Amino acid sequence: SILGASAAQQSRGVLKASVAMLSNMIAPYEVTRVSLSTTLRTLKQTSGENADKFEALYESLKAEGAPGLDRFLMVLARIAQDQDAHALLCEPAGGPSTTAAAAAA
């Protein structure tokens, strides 16, 4: 590992940097109908069998006027398309080393 950091720590560092970069990219960006439509299509596709549930929840949050919803969804869509970020966010809370240790026990 680099400078004594575990793989999980390195991954989290990369993820933090990626989130900061995405935030900077999206913050000044005006959400257009086209970009939102593309984002929603991406999220529905990656939702699989939960696509209808996702759409219903989105419509509910939109109706409530949730602030920053569209920008948040743009970040979420980018994470859904990034296999490394998606895998890191979907791993169990203890990380891969904890999961492997539990499986061996």
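Preceding block: the structure.
What you see is a predicted model, and the numbers here were worked out from it, not measured in a lab.

A. Inspection of the environment of D82 at higher detail. Locating D82 in the fold gives a position in the loop between α4 (69–81) and α5 (83–90). Only 3.0 Å separates the side chain of D82 from the backbone nitrogen of D84, close enough to count as a polar contact.

B. The packing of α4 against α5, seen in detail. At their nearest, the axes of α4 and α5 sit 5 Å apart, and the two run at 100° to each other. By the angle class used here, α4 and α5 are roughly perpendicular. For the pair formed by α4 and α5, the contact residues are I79, A80 and Q81 on the first element and Q83, A85, H86 and L89 on the second. Along the lines of polarity and charge, the residues of the contact of α4 with α5 split into four nonpolar, three polar and no charged.

C. Examining the nonpolar core more closely. Counting eight residues, the largest nonpolar core consists of L36, L40, L43, F54, Y58, L69, L73 and A77. For this core, the secondary-structure elements that each account for two or more residues are α2 (33–47), α3 (51–63) and α4. Residue contacts for L69: discarding those within four places in its chain leaves Y58, L61 and K62.

Scoring rules and cut-offs
Residues numbered from 1 in each chain as written. Predicted model: local features only at pLDDT ≥ 70, side-chain atom pairs only at ≥ 80, totals over all residues. Heavy atoms only, no water. Helix = DSSP H or I, 4+ residues; strand = E, 2+ residues; numbered from the N terminus. Polar contact = N/O pair within 3.5 Å; in protein donor to acceptor, adjacent residues only side chain to side chain. Axes fitted to C-alpha atoms, helices over the stretch in contact; angles between N-to-C directions. Parallel < 35°, antiparallel > 145°, perpendicular 65-115°, else oblique. Contact = heavy atoms within 4.5 Å. Nonpolar A, V, L, I, M, F, W, Y, C, P; charged D, E, K, R; others polar. Core = buried A, V, L, I, M, F, W, Y, C linked by side-chain atoms within 4.5 Å. Buried < 20%, exposed > 50% of the residue type's maximum accessible area, 1.4 Å probe, protein only.

Don't take any of this as a statement about function, it's just geometry.
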